[in-house]
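Fold and contact review
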Amino acid sequence: MRWRAGETDSRTDTTFLLFSGCVYGNECDVVASKCEHSSVLLKGLQSSMMSEGSSFMKGMILGGIFCLVMAFFETFNSGTHSEGREHLHHHLKPVSKDELQKLSESQMSDWTLQVRVYCLIMVTPKLLVHWATANDTWSKHCDKSVFYTSESSKALEAIDLQEQDEWARLRKAIKHAYENAGDLRWFFVARPTTYAIIENLKYLVLDKDPSQPFYIGHTEKSGELDYVEYDSGIVLSYEAMRRLIEIFKDEDRCPERGHALWKTPEEKQLATCLKYTGVFAENGEDAQGKGLFNKKSVSSLISDSMGQNPADVVEACCSDMAITFGGMSPSQIQVLMYGVYRLRPYGHDFHDSLTFLPPNDSDND
Amino acid sequence: MKALGARSAFYVGFVVGTCTLYVLLRQVGFTRNVGSVEPEAHKKSLLEMVEEEDKNWKKERLALFNLNHPHHTGEDGTLADALYKRVRILCWVMTGPNNLEKKARHVKATWSRHCNIVVFISSVDDPDFPTVGLNTKEGRDQLYWKTIRAFHYVMDKHGDEADWFLKADDDTYVVIDNLRWILASHSPEDPVYFGRRFKPYVKQGYMSGGAGYVLSKEALRRFVVGFRTKVCTHTSSVEDLALGQCMEKIGVVAGDSRDTLERETFHPFVPESHLTGTFPKTFWYWNYCYYPIVQGPQCCSDLAVSFHYVDASHMYLLEYYTYHLRAFGYKYRYQPPEPSVIQDLNAPAPDKVEIGDIEEKLGAEEQEGEKKSLEHNEKL
């Protein structure tokens, strides 16, 4: 309800001396009460109408106060929660350069062996082009890369799991990988639409013990559940895999086929199962806190940065030691291969403590 | 009836109050996003950016003088620093008043920071950017005039402050460190220029304008003299061809800029085109390249020097790929040789200068000599 100064509200038969329109409860109430007051001073009220109006006003203020309280409460909660969550959130960073330099040669060679990666690449014939690209590019940098498909394709080799359900397929792939791991202790699960720099993955887990449970990637939250986003790749240690295999047997807590009407995405089902075994998602980031796992493409991230940080586009955009990018076309990936493994400015060296050799039979890296 | 009306009015009021205040608060930005906690990226303010620019660059006489060779956290840049001091490059960038914000700005923010001196050539003086106005108009037909005047300008104002003079467009991306690697094997007193060599129209070939080209000090001297003595004139507006014709007349050699594996370093297109594109058979490019065209990964040297038709976001992408993103501990397949120091070479004036060739020749000659003496000994 709006009143203008000097107007007479015929219903209430009061004259409002003060101000103009109002929308917010508080002001209205102030005005109304002033007006009420003045109207009481001026005239008598038609109380029934006024009580309705005043009820409305009271309702509005109370609503407003309620809203404010909720907002404060929420931010306070999320404030403490996010702090609490940050500790739970586990920001996992690579080993520092100083630590690396202190290591002995035998420790180095131990770590080089320990940090070998088994890549599980979950493909379908629909993603044939990406499948071929992954096969031709980053998967060559895994110590062992196995393509797991929903149905076989004549064009490319893969382990045919003959399974259309994505969660069931993932479970089968994980079981197969665990059984065929040999002495590999780190596992990387990705779709072929993701591009990974395996050397930087190794750098991230270099000083982590794979006989401890690790579940790493870009973490997101769904209610109370922290899960690793599938689109930017999932890293699992040997112990995490072992626990997963165990909990897969528990049909109640970790069912193979969901009973709900709606389908929970595999990434969340995975997180739930792991949570029952005491394994929690950790966010992979570099020493400066920049995320290492990305589901967006490099050009997309650069564009974002140009909008948000025009003064410092490249620094603010992405980590130097980024591990994954997503949504890139095959030709963009070839450029990325060239950019990561070949293109560099002469005379700038890094003297990394570990050496990873280029793969055999490859000319694009 | 009255009570009901009042109560419902109260509830309605309550809802309206909550909603409107929520909207109000939202507008104010009070409710925080409850999602994954992203670390606060350090957003540079304009003031901070200007301050940093002042630390690294000296703006003087409408040029930018580099005070600090950019360094990256965690890197060992001693070799790059040594080359920076020894191989001084002046970069002049062809731009115009309409392109300062669209294109030239991104050049300034990225690759030009690695030059010893940068001059932005335009048709209008702008002391802020800074750009140099060269008494020309804008447009494709002015390109050669701009080039002629630009080279005269840099010779006049900065001739003593650099050894090599690079011309680039505002949509060219150049890796200056790699350019230094190539040039370090040559003397700025040699009459030579480098770029992406094209073969038609000029006997010794000429360099593609878009891919950028670099003149030695001697080449620049001869260019200026050539115009004074009318040996060279404004023959056409096709800048790169006309310049190439002039170079041939004044005895400046068209150099071979390929790396030691004979892979091209200057590129007339973006990386994607060279690495993955298949140019149609009728495309002019096939008939222009002086050296055999390679498509696919071997098209381009690891130590690439330039790419052309690079738009703003692509500039930052290439900057990220070149100077930032890397694979930890990766041992590169291509291990480039250290460039030979010019003073130590006693090579005869070559009519065709090739990188590493002289070093290889000397090495090969040594081996040949050893073999011959061994054979000789055996015979005896």
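Residues numbered from 1 in each chain as written. Chains lettered and ligands numbered in written order. Predicted model: local features only at pLDDT ≥ 70, side-chain atom pairs only at ≥ 80, totals over all residues. Heavy atoms only, no water.

1. A look at the interface of chain B and chain A
Between chain B and chain A, the residue contacts involve 80 residues of the former and 87 residues of the latter. Counting each side, the surface lost to burial between chain B and chain A is near 7400 Å², with a carbon and sulfur contribution of 66%. Of all residues in chain B, the largest losses of buried area upon contact with chain A belong to Tyr 321, Arg 326 and Phe 328 of chain B, amounting jointly to 12% of the total for that side. Put simply, chain B and chain A have 4 salt bridges between them. Inspection of the region where chain B meets chain A yields 31 residue pairs in polar contact (both at pLDDT 80 or more). For the side of chain B that touches chain A, the secondary structure elements donating two or more residues are helix 1 (2-28), helix 3 (78-86), helix 6 (176-183), helix 9 (271-276) and helix 11 (312-324) of chain B. Per-element tally for the side of chain B that touches chain A: the top contributor is helix 1 of chain B, with 16 residues. In terms of residue class, the side of chain B that touches chain A is built from 43 nonpolar, 21 polar and 16 charged. (Contact = heavy atoms within 4.5 Å. Buried area = accessible area lost by both parts, 1.4 Å probe. Salt bridge = Lys/Arg side-chain N within 4 Å of Asp/Glu carboxyl O. Polar contact = N/O pair within 3.5 Å; in protein donor to acceptor, adjacent residues only side chain to side chain. Helix = DSSP H or I, 4+ residues; strand = E, 2+ residues; numbered from the N terminus. Nonpolar A, V, L, I, M, F, W, Y, C, P; charged D, E, K, R; others polar.)

2. Some thoughts on unusual backbone geometry
Residue and element names in this part refer to chain B. At the junction of Phe 129 and Pro 130, the peptide bond is cis and its omega measures out at -5° in the coordinates. Examined against the element boundaries, Pro 130 turns out to sit in the loop between strand 4 (117-122) and strand 5 (131-133). Its identity as a non-glycine residue notwithstanding, Arg 61 has a phi of 50°, on the positive side. Topologically, Arg 61 is positioned in the loop between strand 1 (57-60) and strand 2 (63-66). A positive phi angle, near 70°, is found at Tyr 201, a position not held by glycine. Along the polypeptide, Tyr 201 turns up in the loop between strand 9 (197-198) and strand 10 (206-207).

3. A word on the packing of aromatic side chains
Applying the stated criterion across every chain yields a total of 39 aromatic pairs over all chains. Geometrically, the ring pair formed by Tyr 193 of chain B and Tyr 213 of chain B is edge-to-face, given 6.5 Å between the ring centres and 80° between the ring planes. With a gap of 20 residues between them, Tyr 193 of chain B in strand 8 (residues 192-194) and Tyr 213 of chain B in strand 11 (residues 213-216) connect regions that are remote in the sequence. Note on Tyr 213 of chain B: relative accessible area 0%, which makes it buried. Joined through ring pairs, the aromatic side chains of Phe 198, Tyr 201, Tyr 206, Phe 269, Phe 279, Phe 283, Trp 284, Tyr 285, Tyr 288 and Tyr 309 of chain B make up one cluster. Sitting above the plane of the Tyr 238 of chain A ring, Arg 185 of chain A keeps its charged end 4.0 Å from the centroid. Over the face of the ring belonging to Tyr 334 of chain B we find Arg 263 of chain B, whose NZ or CZ atom lies 4.9 Å from the ring centre. (Phe/Tyr/Trp six-rings, centres within 6.5 Å; stacked < 30°, edge-to-face > 60°. Buried < 20%, exposed > 50% of the residue type's maximum accessible area, 1.4 Å probe, protein only. Lys NZ or Arg CZ within 6 Å of the ring centre and 35° of its normal.)

4. Examining the pairing of strand 12 (residues 234-237) of chain A
Residues and elements named next belong to chain A. Residues of strand 12 alternate between two faces, with Ile 234 and Leu 236 on one and Val 235 and Ser 237 on the opposite face, all of them buried. Bridge count for strand 7 (residues 186-190) against strand 12 is 4 bridges, and the pairing is antiparallel. Bridging from a neighbouring strand, Trp 186 pairs with Ser 237 of strand 12. (Pairing = 2+ DSSP bridges.)

5. Notes on the nonpolar core
In globular proteins that are soluble, nonpolar side chains generally tend to be buried together. Counting 110 residues, the largest nonpolar core has Trp 138 and Phe 188 of chain A together with Trp 111 and Tyr 320 of chain B as the members making the most contacts within it. The contact partners of Trp 138 of chain A, leaving out residues within four places of it in the chain, are Cys 119, Ile 121, Phe 188, Ala 190, Arg 191, Thr 194, Tyr 195, Ala 196, Ile 198 and Met 337 of chain A. Within the second largest apolar cluster, 44 residues are counted, among which are Leu 90, Tyr 193, Cys 246 and Ala 254 of chain B. (Core = buried A, V, L, I, M, F, W, Y, C linked by side-chain atoms within 4.5 Å.)

6. Focus on the UniProt feature "domain: Fringe-like glycosyltransferase" (unreviewed entry) in chain B
UniProt records the feature "domain: Fringe-like glycosyltransferase" (unreviewed entry) at residues 94-252 of chain B, using the numbering of this structure. The annotated region residues 94-252 of chain B carries 36% helix and 18% strand content, and the separation between its end C-alpha atoms amounts to 22 Å. (UniProt positions renumbered as here; feature names shortened; annotations may be inferred.)

7. Points about the layout of surface pockets
Residue and element names in this part refer to chain B. Size it by volume and the second largest pocket reaches roughly 830 Å³. Lining the second largest pocket are 33 residues, with Arg 140, Leu 143, Asp 169, Glu 239 and His 308 sitting closest to its centre. Sorting the residues of the lining of the second largest pocket by element identifies helix 5 (143-158), strand 6 (164-169) and helix 8 (239-249) as the ones contributing at least two each. Within the lining of the second largest pocket, the residues separate by chemical class into 13 nonpolar, 10 polar and 10 charged. (1 Å grid on protein atoms, 1.4 Å probe; cavity = no way out; pocket = protein on both sides within 12 Å on 5 of 7 lines; lining within 4 Å. Points joined across faces, edges and corners; volume = space filled by probe spheres on them.)

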